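Read off the chains here:
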Amino acid sequence: MAKNVLSILEEIAQKKPNTLRGNEALRDLNLDSLDIVTLIVEIDTAFGVTISPADFANCERVNDLAALVRNAQGPRSAAA
């Protein structure tokens, strides 16, 4: 799952594939408000979960966002 979140982030942040790491700070990606809304929509589409802008704002690192998505999916994410 983290790889999928990474792929979505790489696309939105216009990074080369396989360049982001889980411990990278989200603020270093220089995402603007439109990027964040796009990210939230892409996550909803890919994983079937809704992430609020406030929840996103509480994420400091890429791993935090992946954990947020995993937790929002609940028990079904254990199989992913």
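These lines cover the structure that appears in this document, whether it is placed above or below. (Residues numbered from 1 in each chain as written. Predicted model: local features only at pLDDT ≥ 70, side-chain atom pairs only at ≥ 80, totals over all residues. Heavy atoms only, no water.)

### Let's talk about the environment of Leu-39
Mapped onto the elements, Leu-39 comes out in helix α2 (residues 33-47). Classification of Leu-39 by relative accessible area gives buried; the value is 1%. Taking the C-alpha atoms as reference points, Leu-39 and Leu-20, 19 residues apart in sequence, are found 15 Å from one another. Aside from chain neighbours lying at most four places away, what touches Leu-39 is Ile-8, Leu-9, Ile-12, Leu-31, Phe-56 and Leu-65. (Helix = DSSP H or I, 4+ residues; strand = E, 2+ residues; numbered from the N terminus. Buried < 20%, exposed > 50% of the residue type's maximum accessible area, 1.4 Å probe, protein only. Contact = heavy atoms within 4.5 Å.)

### A word on the packing of α2 against helix α4 (residues 62-73)
Where α2 contacts α4, the two axes come as close as 12 Å, and the packing angle between them is 45°. Regarding the angle of α2 to α4, the classification is oblique. Crossing angle aside, the handedness with which α2 passes α4 is right-handed. Along its contact with α2, which presents Leu-39, Ile-43 and Phe-47, the element α4 presents Leu-65, Val-69 and Gln-73. Residue composition of the contact of α2 with α4, grouped by class: 5 nonpolar, 1 polar and no charged. (Axes fitted to C-alpha atoms, helices over the stretch in contact; angles between N-to-C directions. Parallel < 35°, antiparallel > 145°, perpendicular 65-115°, else oblique. Left-handed = near helix turned anticlockwise from the far one by under 90°. Nonpolar A, V, L, I, M, F, W, Y, C, P; charged D, E, K, R; others polar.)

### Some words on unusual backbone geometry
The backbone of Asn-18 shows a phi angle near 65°, a positive value even though the residue is not glycine. Following the sequence through the fold, Asn-18 ends up in the loop between α1 (2-12) and α2. Although it is not a glycine, Asn-30 sits at a positive phi angle of roughly 55°. Inspection of the secondary structure puts Asn-30 in the loop between α1 and α2.

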